[in-house]
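Descriptive analysis of the structure
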Amino acid sequence: MKNVYIICLISTLFICFHLDSKSQDSKHIDPVIWGQGGFERAPTYVDVIGSPYLFDTWQVGIVTLENGKRYDDVKLKYDQIKDQLIFMIEEGKAMNFDLPVIAFDIFTYNADGVKSERTFINGFPPIDGANDKSFYQVFNPGPSPKIEFVKRVKKKIYTRTVYSSAVKEQLIEDQSYYYLLMNKKLFKIKRNIKSVMSYMNDHKTEVLDYIAKNKLTFKDDQDFASVIRFYNSLS
């Protein structure tokens, strides 16, 4: 009987310790993030083809809230259907931020361990259905350059009927919008160098030489960013 009592006591202590540890895990995140009123779970997507997120897996990043507070090493996902950043407070719990997010960085690593960073901010003037809360990827963050290259991706769910069947499928499609930011205004561009060059006539020769020397093909967004950086270095 004594042994049974001891076993029960040990089990009770273990459970209390475990619950306290879980509580401490939750409390280590500032309440400003997860809301004074409790958790608000992020939306989930069921039976859809395609990904609603920038990355399907959780990535570590940095978040800046509307009140100016910055949080490092937060596990993040960017929902591009809701245009909303979510975070994981503990395994299996995807949460919305309690205060508006104004900027965030998401980090990824390739097979060689090389780190890449993607920066997103909002606050741009409304255009093409976006508002001042819409997030844009910026490629040259920092002090305001003469021209900035920015991109917005909008995903949506649409339904289609499977051929020769009554079955309906829900699919996710995305559309990318490209802009140049100049004097706090957005100018929509096509995804080709001709469209970009029309804004660089004052250094056209130098820019074309740079493109040829570096063999840029503009199949990648970074080629556009590289040209903009070079152009800004001439101004």
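For the structure given in this document, a descriptive report is provided here. (Residues numbered from 1 in each chain as written. Predicted model: local features only at pLDDT ≥ 70, side-chain atom pairs only at ≥ 80, totals over all residues. Heavy atoms only, no water.)

**Some remarks on the packing of aromatic side chains**
- In the structure shown here, the tally under the stated rule is 15 aromatic pairs.
- On the numbers, 4.2 Å between centres and 10° between planes, the contact of Tyr210 with Phe230 is stacked. Here Tyr210, found in helix α4 (residues 204-214), pairs with Phe230, found in helix α5 (residues 221-234); they are 20 residues apart in sequence, far enough to count as distant.
- A residue is classified by how much of its surface remains accessible, and Tyr210, at 19% relative accessible area, is buried.
- An aromatic cluster of three or more residues is present, and its members are Phe139, Phe149, Tyr178, Phe218 and Phe224.
- Just above the ring of Tyr53 sits the side chain of Lys77; from NZ or CZ to the centre is 4.7 Å.
- One residue, Lys115, lies across the ring of Phe107, its end atom 4.1 Å from the ring centre. (Phe/Tyr/Trp six-rings, centres within 6.5 Å; stacked < 30°, edge-to-face > 60°. Helix = DSSP H or I, 4+ residues; strand = E, 2+ residues; numbered from the N terminus. Buried < 20%, exposed > 50% of the residue type's maximum accessible area, 1.4 Å probe, protein only. Lys NZ or Arg CZ within 6 Å of the ring centre and 35° of its normal.)

**Comments concerning α4**
- Of the residues making up α4, those classed as buried are Val207, Tyr210 and Ile211. Looking straight down α4, one finds that the buried residues subtend no more than 100° of arc, so they occupy a single side. Summarising the geometry of α4, the exposed residues directed more than 90 degrees from the buried face are Thr205, Asp209, Ala212 and Lys213.
- Those residues of α4 that are buried are in contact with α3 (193-197) and α5. (Arc of directions from axis to C-beta. Contact = heavy atoms within 4.5 Å.)

**A look at unusual backbone geometry**
- With a phi angle near 55°, Asp83 is a residue other than glycine that sits in the positive phi range.
- Judged by its relative accessible area of 18%, Asp83 falls in the buried class.
- At Lys215, a residue that is not glycine, the phi angle is positive and equals roughly 50°.
- Position of Lys215 relative to the elements: it lies in the loop between α4 and α5.
- Its relative accessible area of 71% is what places Lys215 among the exposed residues.

**What to know about the environment of Leu76**
- Mapped onto the secondary structure, Leu76 falls in strand β3 (residues 70-79).
- Leu76 sits in the buried class, given a relative accessible area of 1%.
- Considering only alpha carbons, one finds Leu76 and Met95, 19 residues apart in sequence, at a separation of 9.6 Å.
- Aside from chain neighbours lying at most four places away, what touches Leu76 is Thr57, Trp58, Gln59, Gly61, Ile62, Val63, Leu85, Ile86, Phe87, Phe97, Asp105 and Ile106.

**Regarding the side chain of Asp83**
- Its place among the elements puts Asp83 in the loop between β3 and β4 (84-90).
- Not counting the four nearest positions on each side in its chain, Asp83 is found in contact with Tyr78, Lys133, Ser134 and Phe135.

**Thoughts on the pattern of salt bridges**
- One pass over the structure, following the stated rule, counts 8 salt bridges.
- In this structure, the salt-bridge partner of Arg70 is Asp72, at a minimum N-O distance of 2.9 Å.
- The exposed category is assigned to Arg70, whose relative accessible area is 53%.
- Of the charged contacts in the structure, one is a salt bridge between Asp128 and Lys188, with a shortest N-O distance of 3.5 Å. In this pair, Asp128 sits in the loop between β7 (115-121) and β8 (136-138) while Lys188 sits in strand β11 (residues 185-189), placing the two residues 60 residues apart along the sequence.
- For Asp128, a relative accessible area of 35% corresponds to the partly exposed category.
- Taking relative accessible area as the criterion, Lys188 reaches 47% and is therefore assigned partly exposed.
- Within the structure, one salt-bridge network assembled from shared partners comprises Lys151, Arg191 and Asp221. (Salt bridge = Lys/Arg side-chain N within 4 Å of Asp/Glu carboxyl O.)

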